Amino acid sequence: MQRNEFTLGLRDSLPVGVGYFAVSFGFGVTAVRTISAIQATVMSLTNMTSAGQFAGVGVIAAASSLWVMLLTQLVINSRYALMSLALSQKLGRSFGVVQRLIVAFYNTDEIFALAMQRPVPLTTRYMYGLGVLPIVGWASGTLLGALAGDILPSMVSNALGVALYGMFIAIVVPQAVAETPKRVAVLLSAVLSCLFTWVPWLKTVDSGLAIVICTVVAAAVCALAFPIQDKEEASR
Amino acid sequence: MSAYIYIAVMAGTTYLIRMIPLVFFRKEIKNRFIRSFLTYVPCVCLTAMTFPAILYATNTVVSGTVALAVAIVAALWRRNLVTVAALSCIAVFVTEWLMQTL
């Protein structure tokens, strides 16, 4: 039973592991313009974040201060605080401090999405199973991308750049189709995000910060407009 | 400065952002607004990251738009994560190849 949960986690996260391999391959290809292949791989293995790493390589390329690096990561990755808060509610009592310290390391957008959509209570074995393949895929993809970066035609590496967005769309669209409140939430978020991209003054806002603002505003508006049912009400 | 120092700062910051809420906010939240808010966080956050950024992720807005359209259609067909991602990559490659040759 316990081992099955681990295997189940592995199976559920297989597409994420493969997807991460493809996406981090793209990251590796671009990262070696600034840092070595080994440094890029160490970065992927220790960070497990896409947008944060892309921005981080930019900071290193610009030779900015460590404070700029810290602030950049804080702003771009602050969405993980919201995700961890949501995940913390879902993790049961079987998760002690040590288990939470481990899971925190790889609470990425996709692993978070997989954990949250699981209809039964989460076990520690299942969560460990979820982590393995994405971590291996992310690190090995970076290494191979970094090594292949020079030989690969630019049109191929360019095409790999949308893999991450494709995965996000695959997560969001089915939810938006199934539930009206989520459809409204997604449309609202998309409109806000467009404002931060195209409106003259708003587009000067840092893109990581803009994502946080869009998330907080759209989620708050929808939480007021479409509050979820309480568990007791829902079970009646 | 060694790139490893930058990488250590990145990793430390990112880990703390993920770890603090998981370890220190463990009591079940009763407040209905906060629980509703957290329910909407995943999909609105992914949306804000994807759109309109995907339009500018490639060499031209044309191939970015095609990638978006292909991914949405594939997702509506309930293809899995990897298939949708792969199809959008192929869409970009084919579009840019066509634009270059035609």
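Keep in mind that what you see is a predicted model, and the values were worked out from it rather than measured. (Residues numbered from 1 in each chain as written. Chains lettered and ligands numbered in written order. Predicted model: local features only at pLDDT ≥ 70, side-chain atom pairs only at ≥ 80, totals over all residues. Heavy atoms only, no water.)

## Here we look at the overall build of chain A
- Looking only at helices and strands, one finds 13 helices and zero strands in chain A.
- Its helices and strands in sequence order give chain A the pattern α-α-α-α-α-α-α-α-α-α-α-α-α, from N to C terminus.
- Dimensions along the principal axes, computed over C-alpha positions, put chain A at roughly 60 × 50 × 35 Å.
- Among the 236 residues that make up chain A, the fraction classed as buried is 51%.
- For chain A, the accessible surface area stands at approximately 10400 Å², while carbon and sulfur atoms represent 70% of it. (Helix = DSSP H or I, 4+ residues; strand = E, 2+ residues; numbered from the N terminus. Buried < 20%, exposed > 50% of the residue type's maximum accessible area, 1.4 Å probe, protein only. Areas by Shrake-Rupley, 256 points an atom, 1.4 Å probe, with all protein chains shown as cover.)

## As for the interface of chain B and chain A
- Between chain B and chain A, the residue contacts involve 68 residues of the former and 98 residues of the latter.
- Three residues, Arg18(B), Leu22(B) and Tyr40(B), lead the burial of chain B against chain A; their summed loss comes to 11% of the area buried on that side.
- There are zero salt bridges connecting chain B and chain A.
- Counting the contacts that link chain B with chain A gives 20 residue pairs in polar contact (both at pLDDT 80 or more).
- Broken down by secondary-structure element, the contributors of at least two residues to the side of chain B that touches chain A are α1 (3–24), α2 (32–50), α3 (61–76) and α4 (81–101) of chain B.
- Residue contributions to the side of chain B that touches chain A peak at 18 residues, all from α2(B).
- When its residues are assigned to classes, the side of chain B that touches chain A shows 50 nonpolar, ten polar and eight charged. (Contact = heavy atoms within 4.5 Å. Buried area = accessible area lost by both parts, 1.4 Å probe. Salt bridge = Lys/Arg side-chain N within 4 Å of Asp/Glu carboxyl O. Polar contact = N/O pair within 3.5 Å; in protein donor to acceptor, adjacent residues only side chain to side chain. Nonpolar A, V, L, I, M, F, W, Y, C, P; charged D, E, K, R; others polar.)

## A closer look at unusual backbone geometry
- Following Phe51(B), the chain continues into Pro52(B) via a peptide bond in cis, with omega recorded as 0°.
- Mapping Pro52(B) onto the fold places it in the loop between α2 and α3.
- Located in the positive-phi region is Met48(A), a residue other than glycine, with phi close to 50°.
- Taking the relative accessible area as the measure of exposure, Met48(A) reaches 2% and is therefore buried.

## Some details on the pattern of salt bridges
Residue and element names in this part refer to chain A.
- Tallied over the entire structure, the rule returns three salt bridges over all chains.
- Here Asp-12 makes a salt bridge to Arg-11, at a shortest N to O gap of 3.7 Å.
- We classify Asp-12 as partly exposed; its relative accessible area is 22%.

## With respect to the nonpolar core
- Judged by nonpolar contacts, the single largest core of 81 residues is most densely connected at Leu87(A), Leu122(A), Met127(A) and Ile54(B).
- The biggest single contributor to this core is helix α10 (residues 163–178) of chain A, with eleven residues.
- Counting the residues that make up this core, at least three belong to each of domain 1 (2–162) and domain 2 (179–226) of chain A.
- Grouped together as the second largest cluster of nonpolar side chains are 14 residues, Ala31(A), Val57(A), Val59(A) and Val9(B) included. (Core = buried A, V, L, I, M, F, W, Y, C linked by side-chain atoms within 4.5 Å. Domains from an automatic or database assignment.)

## Digging into the packing of helix α3 (residues 50–61) of chain A against helix α4 (residues 66–76) of chain A
Residues and elements named next belong to chain A.
- Where α3 meets α4, the axes come as close as 10 Å, and the angle between the chain directions of the two elements is 160°. Viewed along their axes, α3 and α4 adopt a mutual orientation that is roughly antiparallel. Relative to α4, α3 is oriented so that their crossing is right-handed. Contacts from Ala-51, Gly-52, Ala-55, Gly-56, Val-59 and Ile-60 in α3 reach Val-68, Met-69, Thr-72, Gln-73 and Ile-76 in α4. (Axes fitted to C-alpha atoms, helices over the stretch in contact; angles between N-to-C directions. Parallel < 35°, antiparallel > 145°, perpendicular 65-115°, else oblique. Left-handed = near helix turned anticlockwise from the far one by under 90°.)

## A word on α4(A)
All names here are of chain A.
- Residues of α4 that are buried include every one of Met-69, Thr-72, Gln-73 and Ile-76, and no others. Down the axis of α4, the sector holding all buried residues measures 95°, keeping them to one side. Exposed residues on α4 whose side chains face more than 90 degrees from its buried face are Trp-67 and Leu-71. (Arc of directions from axis to C-beta.)

## Quick word on the environment of Val61(B)
- Here Val61(B) lies in helix α3.
- Leave out the neighbours within four places in its chain, and Val61(B) touches Leu55(B) and Tyr56(B).

## So, the domain arrangement of chain A
Residues and elements named next belong to chain A.
- According to the domain assignment, chain A consists of domain 1 (2–162) and domain 2 (179–226).
- A separation of 24 Å is found between the C-alpha centroids of domain 1 and domain 2.
- Every contact between the two is made by five residues of domain 1 and, on the other side, six residues of domain 2.
- When domain 1 packs against domain 2, close to 380 Å² is buried across both sides, 80% of that on carbon and sulfur atoms.
- Remark: the boundary between domain 1 and domain 2 carries zero salt bridges.
- Inspection of the region where domain 1 meets domain 2 yields zero residue pairs in polar contact (both at pLDDT 80 or more).

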